[in-house]
Amino acid sequence: MRILESVLHGALVLQSTRFTDDRGFFTESYNHKKFSQLTGLKTHFVQDNHSRSKRHVLRGMHYQLRQPQAKLVQVCQGEVYDVIVDMRQSSPTFKQHFGLRLSADNGLALWVPEGFAHGFLVLSEQADLHYKVNNDYDPTSERCLHWADAEIGIAWPLSDQPPLLSPKDAQGLPFDQLELFP
Ligand SMILES: Cc1cn([C@H]2C[C@H](O)[C@@H](COP(=O)(O)OP(=O)(O)O[C@H]3O[C@H](C)C(=O)[C@H](O)[C@H]3O)O2)c(=O)[nH]c1=O
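The model shown is predicted, which means the values in this text are computed figures rather than measured ones. Residue numbering note: each chain is counted from 1, following its sequence as written. Since the coordinates come from a predicted model, pLDDT governs what is reported: local features require at least 70, and pairs of side-chain atoms require 80 or more to be given and counted, while whole-chain, interface and lining totals use all residues. Note that water and hydrogens are dropped before the side-chain values are worked out from all heavy atoms of the structure.

Things to note about the overall build of the chain
What the chain contains, in helices and strands, is two helices and 13 strands. With the radius of gyration taken over C-alpha atoms, the globule rule is written as 2.2 Å times the number of residues to the power 0.38. A globule of 182 residues ought to have a C-alpha radius of gyration of about 16 Å, and the chain, at 16 Å, matches this closely. Based on the C-alpha atoms only, the size of the chain along its principal axes is roughly 50 × 40 × 25 Å. By the burial criterion, 48% of the 182 residues in the chain qualify as buried. The contacts of the chain with a sequence gap of at least 6 include a subset with a gap of at least 24, amounting to 80%. For the area figures, the Shrake-Rupley method with a 1.4 Å probe applies, and any residue is considered shielded solely by the protein chains shown. Here the chain displays about 9300 Å² of accessible surface, and carbon together with sulfur accounts for 50% of that area. Counting rule for charge: Lys and Arg are taken as positive, Asp and Glu as negative, and neither His nor the chain ends is counted. For this purpose, a charge sits on NZ of Lys, CZ of Arg, CG of Asp or CD of Glu. With 18 positive and 21 negative side-chain charges, the chain shows a spacing of 4 Å between the two charge centroids. Helical segments are the DSSP runs of H or I of at least four residues, strand segments are the runs of E of at least two, and each set is numbered from the N terminus. For each residue, the accessible area found with a 1.4 Å probe, counting protein chains only, is set against the maximum for its type, and the residue is called buried under 20%, exposed over 50%, and partly exposed in between. Throughout, a residue-residue contact means that at least one pair of heavy atoms, one from each residue, lies within 4.5 Å.

Focus on the nonpolar core
Definition used in this section: a nonpolar core is a set of buried Ala, Val, Leu, Ile, Met, Phe, Trp, Tyr and Cys residues joined via side-chain atoms within 4.5 Å. V80, I84, F98, L102 and L110 are the most contacted members of the largest nonpolar core, which totals 22 residues. Looking at this core, the element that brings in the most residues is strand β12 (residues 126-133), giving four residues. Not counting the four nearest positions on each side in its chain, L102 is found in contact with V73, V75, G78, E79, V80, D82, L108, A109 and L110.

Comments concerning the UniProt feature "active site" (unreviewed entry) in the chain
UniProt positions are given in the numbering used here, feature names are shortened, and annotations may be inferred rather than shown by experiment. The UniProt record annotates "active site" (unreviewed entry) at H62 and Y131. Their sequence span is 70 residues, while the largest C-alpha to C-alpha distance among them is just 14.0 Å; these annotated residues converge on one region. The residue H62 is located in strand β6 (residues 58-64) in this model. Overall, the relative accessible area of 15% leaves H62 in the buried class. With near-sequence residues (within four places) excluded, H62 lies in contact with K71, F116, A117, H118, E142, R143, C144, K168 and D169. Its relative accessible area of 18% is what places Y131 among the buried residues. Beyond its immediate stretch of four places on either side in the chain, Y131 contacts Q47, D48, N49, S51, K71, L72 and V73.

Considerations on the site of the ligand
Whether a residue is near a molecule or strand depends on its heavy atoms: it is near if one of them lies within 4 Å of it. Taken together, the neighbourhood of the ligand is formed by Q47, R59, H62, K71, H118, F120, Y131, Y137, E142 and K168. Residues adjacent in sequence count toward polar contacts only when both atoms are side-chain atoms; beyond that, a polar contact is any pair of N or O atoms within 3.5 Å, and within protein one must be able to donate a hydrogen and the other to accept it. At 2.9 Å, a side-chain N or O of Q47 approaches an oxygen atom of the ligand. One of the side-chain N or O atoms of R59 is found 2.8 Å from an oxygen atom in the ligand. Relative to its unbound accessible area of 650 Å², the ligand is 65% covered by the protein chains. In this classification, the charged set is Asp, Glu, Lys and Arg, the nonpolar set is Ala, Val, Leu, Ile, Met, Phe, Trp, Tyr, Cys and Pro, and all remaining amino acids, among them Gly, are polar. Classifying every residue of the shell around the ligand gives three nonpolar, three polar and four charged.

Some remarks on the sheet that holds strand β2 (residues 11-15)
In this analysis, strands are considered paired if DSSP registers two or more bridges between them. The strand order β1-β2-β10-β7-β12-β5 describes an open sheet built from six strands, whose pairing is antiparallel. Each having just a single partner strand, β1 (2-7) and β5 (47-54) make up the two edges of the open sheet. Across the sheet, the mean angle separating the axes of adjacent strands is 25° when strand polarity is ignored. Bridge count for strand β7 (residues 71-77) against β12 is six bridges, and the pairing is antiparallel. Bridge pairing in β12 places K71 opposite V133. Only C-alpha atoms enter the line fits that serve as axes; for helices the fit covers just the stretch in contact. Angles between N-to-C directions range over 0 to 180 degrees.

Regarding the packing of aromatic side chains
Each aromatic pair joins two rings of Phe, Tyr and Trp (for Trp, the six-membered one) with centres within 6.5 Å, and gets the label stacked for planes under 30 degrees apart, edge-to-face for over 60, and tilted for any other angle. The full count for this structure, using the stated rule, is eight aromatic pairs. With a centroid separation of 6.1 Å and an interplanar angle of 75°, the aromatic rings of Y81 and W156 are classed as edge-to-face. One end of the pair, Y81, is in strand β8 (residues 79-86); the other, W156, is in the loop between β13 (142-144) and α2 (167-170), and 75 residues separate them in sequence. Grouping residues by exposure puts Y81 and W156 together as buried.

Here it is, written out as structure tokens:
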């Protein structure tokens, strides 16, 4: 695994190392020692998440206020447009967002520190997201930034179809109504 670029304050785009042969490929999707040496981070992941979504699904933009989660996000099937928004008032990139295509083919991973809202739009027939988090799920402190918030202005690669949203995400709040991180 290597760092491709640093995006927003503290977030990283990583490239996994693939050992390809006639059968296909092998990759260490996560190696604690190599990740720590590469990033200098002392991260203890407590939960692995796996979500499967069909084309046009948009999940997000979510964050947990009281138990903020850092995430290491990868796609192991299909392709998504993955987006993070910096919700940390003290950050030099506060209110800025970054998006990229994560796919089973490109083998990219996104390191998302605590304090970011996270979401994605599915671009393939189906997409499986695998991501590690370093804090427990806390639905009582979960907040949802509306995916189309005009102040943030995410340029989603939408098709002619509107995104498929959960009722929760359809009721996401505007940025100026959300509690933020210090
Ligand atoms: C996140 C989570 C959910 N759940 C249960 C709660 C619901 O019964 C069901 C679906 O939850 P939800 O609709 O919140 O799932 P997503 O819309 O994929 O939420 C995630 O979407 C964005 C992309 C994120 O980065 C977060 O990890 C997370 O908020 O799974 C759990 O049991 N544990 C969990 O950690």
